[in-house]
Amino acid sequence: RGEGPFGLIICPSRELARQTYEVAEGFVEALERAGQPKLRPMLAIGGVSMGENLEAIRQGIHLVVATPGRLNDMLNKKRFSLDLCKYLCLDEADRMIGEPAFEEEVRNVMDYFTKQRQTLLFSATMPNKIQNFARSALVRPVIVNVGRAGAANLDVIQEVEYVKQEAKIVYLLECLQKTAPPVLIFCESKTDVDDIHEYLMLKGVEAVGIHAGKDQEEREYAIRMFKEQKKDVLIGTDVASKGLDFPDVQHVINFDMPKEIENYVHRIGRTGRCGKTGVATTFINKNVDESILLDLKHLLIEA
């Protein structure tokens, strides 16, 4: 009772943390059925009541899946300790290390470890900032590459279309005809997500939207409806681009070309998973920075 976890998994978004937690629960149940002792996982994210978390901690926890904000809050208030923790996993590490606020929170968490630990960083893209972080935060880090880090998935057919800024939203409808649902649409800004959501609803498309400005209930509803294929289209910002696993997404549309090529790789990787094929359509026009278009060109040539 009251002892902290042996393992800690940190995820950049609440949705990814919940998905990871549900997978962990599956393993826990399977182990229990096989006659192993019951392990207790805990989900520590904004939007989950603190009471639930405290009840779990009172019983003692073996594994914590968390987002950096809630985790720091609980460690600062000494709700639990990392004295026994031996494993730390950062999922979609580049999303956490790339943003200064996130990086500071992750380094804070590392300060709470007292014993030696094993640290794992996972991501489809490994920009230099992550490698620098690994050198400064880890002892003799080992890099394992499956394929080239940052390369696009070859099961995805990448199509790039020149569409004028004002014609994009109308052209979306035509684009949605390419494949059967489910389809994912990515935008850079929250307002674009809301505008497209409204436009598609008016046109009779079953769509849901997700971005950081929506409350947790709305976000979870959107993800759930899309995963259960009750809605055909999910429109989101990059909060939905990393790590989330949606079954059978046929088509990813980049309404905007993202600012960084890593985000492009993550976005199109929502389709073509587990050996299935998919299509990615990206809208570009004169507003897009030339350097990112060069990055895109190299990716397309490589693929």
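Here the residue numbers are simple positions, counted from 1 along each chain's written sequence. Residues qualify for local features only when their pLDDT is at least 70, as the model is predicted, and side-chain atom pairs are given and counted only at 80 or more; totals for whole chains, interfaces and linings, by contrast, use all residues. The basis for every side-chain value is the complete set of non-hydrogen atoms in the structure, without hydrogens or water.

### Side note on the sheet that holds strand β6 (residues 156-162)
What links the strands of a sheet is backbone hydrogen bonding, and the strands pair in either a parallel or an antiparallel sense. Put simply, the rule reads: Two strands qualify as a pair provided DSSP detects at least 2 bridges between them. Helix numbering and strand numbering both begin at the N terminus, where a helix is a DSSP run of H or I of at least 4 residues and a strand a DSSP run of E of at least 2. Think of each axis as a best-fit line through the C-alpha atoms, taken over the contacting stretch in the case of a helix, with angles from 0 to 180 degrees between the N-to-C directions. Here a residue-residue contact requires only that any non-hydrogen atoms of the pair lie within 4.5 Å.
Strand order in this open sheet of six strands is β6-β11-β10-β7-β9-β8, and the pairing throughout is parallel. With one partner strand each, in any of the chains shown, β6 and β8 (207-210) form the two edges of the open sheet. Each strand of the sheet is rotated relative to its neighbour by a mean of 15°, with strand direction disregarded. Packed on one face of the sheet, helix α8 (residues 190-202) meets β7 (183-186), β8 and β9 (233-236) and runs near 170° to β8.

### Examining helix α7 (residues 168-176)
Our working rule: With a 1.4 Å probe rolled over the protein chains alone, any residue whose accessible area is under 20% of its type maximum counts as buried; one over 50% counts as exposed, and the rest are partly exposed. For this quantity, the arc is that covered by the directions from the helix axis to the C-beta atoms.
Residues of α7 that are buried include every one of K168, L172, C175 and L176, and no others. Along α7, the residues classed as buried sweep out an arc of 90° about the axis, all on the same side. Exposed side of α7, more than 90 degrees from the buried face: V170 and E174 are the residues found there. For α7, the elements touching its buried residues are β7, α8, β9, β10 (251-254) and β11 (278-284).

### Digging into the packing of helix α3 (residues 68-76) against helix α5 (residues 100-111)
Selection rule: Should an angle lie under 35 degrees it is considered roughly parallel, over 145 roughly antiparallel, and from 65 to 115 roughly perpendicular; all remaining angles are considered oblique. For a crossing to be left-handed, the near helix must be turned anticlockwise from the far one by less than a right angle; the clockwise case is right-handed. Classes in brief: Ala, Val, Leu, Ile, Met, Phe, Trp, Tyr, Cys and Pro nonpolar; Asp, Glu, Lys and Arg charged; the others, Gly included, polar.
Orientation of α3 relative to α5, taken along the N-to-C sense of each, is 40°, at an axis distance of 10 Å. If you check the angle between α3 and α5, you find them oblique. Judged by the sense of rotation from one axis to the other, the crossing of α3 with α5 is left-handed. Taken together, the residues of α5 that come into contact with α3 (itself represented by P68, G69, L71, N72 and L75) are F102, E105, N108 and V109. Its residues placed into classes, the contact of α3 with α5 shows five nonpolar, three polar and one charged.

### Considering unusual backbone geometry
Residue P182 is reached from P181 by a cis peptide bond, and omega for that bond is 0°. In this structure, P182 sits in the loop between α7 and β7. In this structure, E92 takes a positive phi of about 50° despite not being glycine. Within the secondary structure, E92 is located in the loop between β4 (87-91) and α4 (93-97). Judged by relative accessible area, E92 falls into the buried class, the value being 9%. We note that R140 has phi near 45°; this positive angle belongs to a residue other than glycine. Examined against the element boundaries, R140 turns out to sit in the loop between α6 (128-137) and β6. Judged by relative accessible area, R140 falls into the exposed class, the value being 75%.

### Quick word on helix α10 (residues 261-268)
Along α10, seven of the eight residues are buried, which leaves the element largely enclosed by surrounding structure. When we look at burial in α10, the residues that qualify are I261, N263, Y264, V265, H266, R267 and I268. Check the buried side of α10 and you find it contacts α4, β6, β7, β10, β11 and α11 (290-302).

### Some points on the pairing of β9
The following threshold applies: Crossovers are described as right-handed under a simple rule: with the strands pointing away from the observer, the path leading from the first strand over the helix to the second runs clockwise.
The side-chain alternation of β9 yields two buried faces, one formed by V233 and I235 and the other by L234 and G236. The pairing of β7 with β9 spans four bridges and is parallel. Along β9, the bridge assignment pairs V183 with V233. In this structure, β8 lies alongside β9, joined through four bridges in parallel fashion. When the bridges of β9 are listed, I210 appears paired with G236. In this region the chain leaves β8, passes through helix α9 (residues 216-227) and returns to the parallel neighbour β9; the handedness of that crossover is right-handed.

### Notes on a nonpolar patch on the surface
Filter applied, for reference: By definition, no residue in a patch forms a salt bridge, and every one has over 30% relative accessible area; like charges are joined within 9 Å, nonpolar side chains (Val, Leu, Ile, Met, Phe, Trp, Tyr) within 5 Å. Each accessible area is a Shrake-Rupley estimate made with a 1.4 Å probe; only the visible protein chains count as cover when residues are assessed. Salt bridge, as applied in this entry: a Lys or Arg side-chain nitrogen positioned within 4 Å of an Asp or Glu carboxyl oxygen.
Residues V142, V144 and V146 make up a contiguous nonpolar surface patch of about 380 Å² in total accessible area. Position of V144 among the secondary structure elements: in the loop between α6 and β6. Judged by relative accessible area, V144 falls into the exposed class, the value being 68%.

### Some thoughts on the state of the cysteines
Just so we agree on the cut-off: We call a pair of cysteine sulfur atoms a disulfide whenever their separation is within 2.5 Å.
Counting across every chain of the model gives zero disulfides. Not part of a disulfide, C187 finds its nearest cysteine sulfur in C175, a span of 13 Å. For C187, a relative accessible area of 0% gives the class buried.

### Digging into the sheet that holds β4
The strand order across the open sheet formed by five strands is β2-β3-β1-β4-β5, and the pairing between neighbours is parallel. Here the strands that pair on one side only, and so sit at the sheet edges, are β2 (41-44) and β5 (118-122). Looking at each pair of strands side by side, their axes are set apart by 15° on average, direction ignored. Bridge analysis of strand β1 (residues 7-10) against strand β3 (residues 63-66) gives four bridges, and the strand direction is parallel. In the strand pairing of β3, I9 is matched with V65. Lying over the sheet, helix α1 (residues 14-33) contacts β1, β2, β3 and β4, oriented at roughly 175° with respect to β2.

The values reported here are purely geometric and, on their own, carry no functional implication.
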